[in-house]
Amino acid sequence: MYSSSLLVASVALMLLHLCLGEKAGFERNADTWNLCEQIILKMGYPCQNYTVTTEDGFLLGVYRMPYGFNENLPEKSWSRPPVFLQHGLLQGGDNWVLNNPEESLAYILADAGFDVWLGNIRGTRWSHGHVSLHPQDKDYWDWGLDELAGYDLPAMLEFVYKSTARKLLYVGHSQGTIIGFAAFTQDRVGEFVAAAAMLSPITYLDHINCAFCNVASHYYVERMMKTIGVHEFNLRNEIGVELVDRVCSSPKVDCENLLASITGANCCFNSTRIPFYMQYEPHSTSLKNLAHLAQMVRKGTFEMYDYGKLGNILHYYRLSPPAYDLFKIPQSMPIWLAWGGNDALADPVDVAHTMAELPSKPELVYVEDYGHIDFVLSTRAKSDVYDSLIAFFRAHLGKMHADI
Ligand SMILES: *[C@@H]1O[C@H](CO)[C@@H](O)[C@H](O)[C@H]1NC(C)=O
Ligand SMILES: *[C@@H]1O[C@H](CO)[C@@H](O)[C@H](O)[C@H]1NC(C)=O
């Protein structure tokens, strides 16, 4: 699965190819890449930054907007319900604050009385590296969805839970829904979450309507992984460029409008803002993470990384990888799903498959003309989607008591 940022990324890539003729690189520097300072404080919103260390040593950047524009921290700061936003593939916490404040989910939630926390997974520009590994080390990139769901999300959610002494409200987009669903099947993690809102929900990917993703998944991604081994994947470096070049040379893929051919046609994306988005996106991920997504596309399963029979025995003591069992998500956790009629990545058949396996019946919002990227960047998302999301959360504020 290639999330909406890939679209932005591909535009970036073309500009890099056509205009600059050079490969841009970014310094990984915690001081330069502080989401508060780069975007949120400039918009006049309060912002605090935290570093959360995962069990396997990654230093994740978690950013908080404790109250809204022109407000003061209320005396009872705990009266604001915490909401945690988890971005998608090749994106970072910035994707919730990239549009105008009246259009972007993080600002809207802060102004609606929520205590807003922005998660950032390992490898993104807003996170801060690792206690001992360096991004130049291969091992720094030896991870995929299982580590995101098994280490990053539990560490960040526990941090917010303990900091606020309340259960939290979860919002995921795209890969943020995959790792959310996978993490909630773990007893401990499900306990931190009072209710979950999933934008472009994904667990099964075998019906994706994206030729680029299908060709990449069937022919290239795992082959690259076998040849190169664990490695950073960034659309701004050679490996990213090579993958796009190879996939686009297939007659099955029309790369003329790469953005739409991957995410589906997005109705309401503000194209005059692309230069601004490109200052921050796309973020890096690992080739192994893409390889895991490619397996999901090919196999139609929602399970852990497949190392092959021998590798699986070494990793899992069994021939096939263990499945993520959606039935294990706490039945008491209310779930809300928003999906779009033009979303090439969260296909109706796959969304129905997810719904059928959830232990409780989710609330649904369907937006006919939305593509994958519209759920975070549509200029109309507030009235199309976010007002309903906020109403869903408000209906479940009674469930936020934490047993700490
Ligand atoms: C917050 O950001 C500042 C400036 O980038 C940095 O010096 C500080 O170490 C960060 N604090 C944490 C807890 O990450
Ligand atoms: C689109 O982006 C431009 C440039 O940032 C901005 O001035 C304009 O307000 C945006 N339009 C909408 C409808 O948000």
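Look up: the structure comes first, before these words.
What comes next concerns the included structure. Keep in mind the model is a prediction, meaning the values are calculated, not measured.

Basis of the calculations
Residues numbered from 1 in each chain as written. Chains lettered and ligands numbered in written order. Predicted model: local features only at pLDDT ≥ 70, side-chain atom pairs only at ≥ 80, totals over all residues. Heavy atoms only, no water. Pairing = 2+ DSSP bridges. Helix = DSSP H or I, 4+ residues; strand = E, 2+ residues; numbered from the N terminus. Axes fitted to C-alpha atoms, helices over the stretch in contact; angles between N-to-C directions. Disulfide = S-S within 2.5 Å. Buried < 20%, exposed > 50% of the residue type's maximum accessible area, 1.4 Å probe, protein only. Near = heavy atom within 4 Å. Polar contact = N/O pair within 3.5 Å; in protein donor to acceptor, adjacent residues only side chain to side chain. Areas by Shrake-Rupley, 256 points an atom, 1.4 Å probe, with all protein chains shown as cover. Nonpolar A, V, L, I, M, F, W, Y, C, P; charged D, E, K, R; others polar. Salt bridge = Lys/Arg side-chain N within 4 Å of Asp/Glu carboxyl O. Parallel < 35°, antiparallel > 145°, perpendicular 65-115°, else oblique. Left-handed = near helix turned anticlockwise from the far one by under 90°. Contact = heavy atoms within 4.5 Å.

### Description of the sheet that holds strand S4 (residues 115–118)
One open sheet holds the eight strands; their spatial order is S1-S2-S4-S3-S5-S6-S9-S10, and the pairing between them is mixed. Edge strands, defined here as strands with exactly one partner in the open sheet, are strand S1 (48–53) and strand S10 (363–367). Strand-to-strand, the axes of this sheet are offset by a mean angle of 20 degrees, without reference to chain direction. Across four bridges, strand S3 (residues 82–86) lies against strand S5 (residues 168–173) in parallel orientation. Bridging across to S5, Phe84 finds its partner in Tyr170.

### Structural notes on the state of the cysteines
On inspection of all chains with the given rule, the structure shows four disulfides. Note that Cys36 is cross-linked by a disulfide to Cys47, the S-S spacing being 2.1 Å. Taking the sign of the S-S torsion, -70 degrees for the link of Cys36 and Cys47, the bridge is left-handed. Linking Cys36 in helix H2 (residues 35–40) with Cys47 in the loop between H2 and S1, this pair joins segments that are eleven residues apart in sequence. Across this residue pair, the class does not change: Cys36 and Cys47 are buried. Residue pairing for Cys248: its cysteine sulfur links by disulfide to Cys255, the two sulfurs lying 2.0 Å apart. Looking down the S-S bond of the Cys248 and Cys255 bridge, the torsion is -90 degrees, so its handedness is left-handed.

### A few points about the site of ligand 2
Taken together, the residues surrounding ligand 2 are Asn100, Glu103, Asn270, Thr272, Arg273 and Thr379. The contact in question runs from an oxygen atom of ligand 2 to an N or O atom on the side chain of Thr272, over 3.2 Å. In this structure, Arg273 approaches ligand 2 through a side-chain N or O atom, which is 2.8 Å from an oxygen atom. When ligand 2 sits alone it has 360 Å² of accessible area, and the protein chains cover 50% of it. Partitioned by chemical class, the residues of the shell around ligand 2 number no nonpolar, four polar and two charged.

### As for the pattern of salt bridges
Evaluated as defined, the whole model comprises 14 salt bridges. The shortest N-O distance in the salt bridge between Glu242 and Arg246 comes to 2.2 Å. Of this pair, Glu242 and Arg246 both sit in helix H8 (residues 238–248), four residues apart, roughly one helical turn. Look at the salt bridges and you will find they share partners, linking Asp56, Arg122 and Asp152 into a network.

### Considering the packing of helix H7 (residues 211–228) against helix H11 (residues 287–299)
When two helices pack together, their arrangement is captured by the angle between the axes and the distance separating the axes. Two elements in contact, H7 and H11, have axes separated by 9 Å at closest approach and are oriented at 140 degrees. In this view, H7 runs oblique relative to H11, as classed from their interaxial angle. In the packing of H7 onto H11, the handedness of the crossing is left-handed. Contacts between H7 and H11 involve Asn214, Ser217, His218, Val221, Glu222, Met224, Met225 and Ile228 from the former and Leu287, Lys288, Leu290, Ala291, Ala294, Gln295, Val297 and Arg298 from the latter. In terms of residue class, the contact of H7 with H11 is made up of nine nonpolar, four polar and three charged.

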